[in-house]
Amino acid sequence: MALLRSLSAQRTAISLVYGRNSSKSSSSVAVAACRSFHQRDRRRSTVITTGEGSASEFANGVNGVRYLHSGERPMQASTLVQPDLVAGETVKRSVKQQSSQEKSPSPAGSPQRDPLDVTFNDPIAAFKSKTTGELMRAYLVYMICSSEKLVEHNMTLMKWSKNILGQRLFTALMKATFYGHFVAGEDQIKIIPTLERLRSFGVKPILDYSVEEDITQEEAEKREVESSVSSAGDRKEEGSMPQYHVDKSFADRRYKVSSARTYFYLNEATCERNMEIFIKCLEAVSDDDHKAPRAVATGATFGTGITAIKLTALGRPQLLLQLSEVIMRTRKYMEDMVGGQGNVLTHHKTIKDLEKYYASLGDNKDVKEFLNNVTSDKEGILHLFPWSGIVDEDSQLSDTFRVPDSQTGQMRRLISQIPPKEEEMFRNMIRRLNTIVKAAADLDVRIMVDAEQTYFQPAISRITLEMMRKYNKEKAIVFNTYQCYLRETFREVNTDLEQAKRQNFYFGAKLVRGAYMDQERDRAKSLGYPDPVNPTFEATTDMYHKTLAECLRRIKLMKDCDDDARKIGIMVASHNEDTVRFAIQQMKEIGISPEDKVICFGQLLGMCDYITFPLGQAGYSAYKYIPYGPVEEVLPYLSRRAQENKGVLKKIKKEKRLLLSEIRRRLLRGQWFYKPKGNYVPI
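Please read these numbers as outputs of a predicted model, since none were measured by experiment.

Calculation criteria
- Residues numbered from 1 in each chain as written.
- Predicted model: local features only at pLDDT ≥ 70, side-chain atom pairs only at ≥ 80, totals over all residues.
- Heavy atoms only, no water.
- Axes fitted to C-alpha atoms, helices over the stretch in contact; angles between N-to-C directions.
- Helix = DSSP H or I, 4+ residues; strand = E, 2+ residues; numbered from the N terminus.
- Parallel < 35°, antiparallel > 145°, perpendicular 65-115°, else oblique.
- Left-handed = near helix turned anticlockwise from the far one by under 90°.
- Contact = heavy atoms within 4.5 Å.
- Nonpolar A, V, L, I, M, F, W, Y, C, P; charged D, E, K, R; others polar.
- Patch = residues over 30% accessible without salt bridge, like charges linked within 9 Å, V, L, I, M, F, W, Y side chains within 5 Å.
- Areas by Shrake-Rupley, 256 points an atom, 1.4 Å probe, with all protein chains shown as cover.
- Salt bridge = Lys/Arg side-chain N within 4 Å of Asp/Glu carboxyl O.
- Buried < 20%, exposed > 50% of the residue type's maximum accessible area, 1.4 Å probe, protein only.
- Pairing = 2+ DSSP bridges.
- Right-handed = clockwise from strand over helix to strand, strands pointing away.

Caption draft 1: Seen up close, the packing of helix α22 (residues 537–560) against helix α23 (residues 577–590). In the contact formed by α22 and α23, the axes pass within 11 Å of each other and the chain directions differ by 20 degrees. Classified by the interaxial angle, the pair formed by α22 and α23 is roughly parallel. Between α22 and α23 lies a crossing of right-handed hand. Across the interface between the two elements, Tyr-544, His-545, Leu-548, Ala-549, Leu-552 and Lys-556 of α22 pack against Asp-578, Thr-579, Phe-582, Ala-583, Gln-586 and Ile-590 of α23. Looking at the contact of α22 with α23, its residues break down into seven nonpolar, three polar and two charged.

Caption draft 2: Just a nonpolar patch on the surface, in detail. A cluster of nonpolar residues, Leu-150, Leu-157, Trp-160, Ile-164, Leu-165, Leu-169 and Leu-173, forms a patch on the protein surface that exposes about 690 Å² of accessible area. Of all the elements, helix α7 (residues 154–176) adds the most residues to the nonpolar patch, at six residues. Take Leu-173: it is sitting in helix α7.

Caption draft 3: The arrangement of the pairing of strand β15 (residues 621–628) in detail. In terms of residue burial, β15 counts as a mostly covered element, since eight of its eight residues are buried. Neither face of β15 is exposed, since Ser-621, Tyr-623, Tyr-625 and Pro-627 on one face and Ala-622, Lys-624, Ile-626 and Tyr-628 on the opposite face are all buried. Where strand β4 (residues 203–209) meets β15, seven bridges bridge the pair, whose relative direction is parallel. Following the sheet pairing, Ile-206 is matched in β15 by Tyr-625. Sheet analysis places strand β14 (residues 599–604) next to β15, joined by five bridges and oriented parallel. If you follow Phe-601 over to β15, its bridge partner there is Ala-622. Once the chain exits β14 it traverses helix α24 (residues 609–617) before rejoining the sheet at β15, and the crossover so formed is right-handed.

Structure below.
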């Protein structure tokens, strides 16, 4: 009854939302605004209409200009809301048209496609894949997430509930609330109905086995310190960089991080188990024609599946720290020698240029050997070190990372001496990653390597790019992740695009805003190195859009030159409507269609359904990040989801409004037992 009273109370507000500013709409204004959509001041655009005739507002807009966007259909003045219609009539007409569209089947053999409302204010398109019970559950979950007190103590409350109710009742309670909303199921078999339903509504899966250890801060710090320091000791030699050495104050990497999973190294056996789990995820999302024997029994096809992995799950963090420091010290070495700044390849120097710098050293055997191992092409030097040998599991790190001293000619290490046992651990990490990526290639599934903290990221990106070079020869199998809240993101993406072009491999990138901002700022301030984070939210948005626009520009150049545009594949992994709209508009302006399969979109399961499903139903490549695992073992994941939702109250407010609108519509039309049935095929 409380829910029904709430629905009734919201009725007038919903009508106002749909009818607001309707007197100002006109065809000419819509056309003019459509032409100016790509300008930076997107926030002043407020109201648009879909081809179905419904008017609605931008999530964060103010009174201003209107524009129209109806998927791939041509713009027509008749699709605009007529100014003489009252709000109630407009809503009724929209519902009637949308309802008739739901009931009219597509021609046999042809996938269904809907026009796209780029305000993402269409509750039918957002929730037609959900039962009415699931909508009510979602509304309840978002109501709980709106309470700061409940969210702040959510983990404690879940543990108390388990102790009071017992395991069986607690599991039932979680499946009826948070677990049922945010998690697909307990294992590879039980998630199949969710994956099949997603696919029938045009959405593909990114699978993640979301079991996390619930360890104390003290245990996390102990593990991290022990696994981040070499058995030879943490020797800070001349030229060492403090950010690439463990600090106990920040050893618990969960500090101020609510939207990313954290792995803490225990032993090599745990890393082997993590590898097996990632491979099982690959098998679970693979297509029937490519499935390995263990996965054939599932019998489902879900389009081009993706599995997300973290490198910290596959090896000792000390090795990533040391490798990251080597990469940054190499950049510093190059900058000191030739000037400028940035990655080695951005200097556009040749081996002959280096020979001139070392000319004063005479006929030095070590220098000649060093130059023989430099990776270069006709355009210049790509890397000072033979990274291909490193990822092929046969190079010794301690012997590889040495450079000539420009004054004495003596070879000096850029990495501390690594004991043989730790060298073996590094080779094990690379072997595990090779095994996973090879399995992905065999199963025709994509791998997305997640970004992590900046003190790990240089090594993670370098290893991932080498995996791309090795496996992305015919299509993009491996994707790297770039966090746009970082100041250097645009430059890093440009550098990696350049390497992909020069070494002729397919480049895959997932663009995210990022998960570690507060932690990164605190750590930089505490340890005394420059803050790597953009100063404002707006600067991060600009970085995201600038980086995405550059990727799209290069894709267009490839298309114009009759090159394979799929050599660059981008996932827009964002819950921000403005960013999704920006991507769609940029695609239209430069002539990239969803069928080109170079741009896809991704959001988390249980969040921003009003973005993901309309995209998938309109023919765009849309993904949901799908966590799964036993109820008790995914509690840390559920706790983070609650925390993350608390931080995005505007999105929750919109999702709740759309949920109420769709629940109300179904109740008034007697669709209490609505059964979702889609005829969409993922692009």
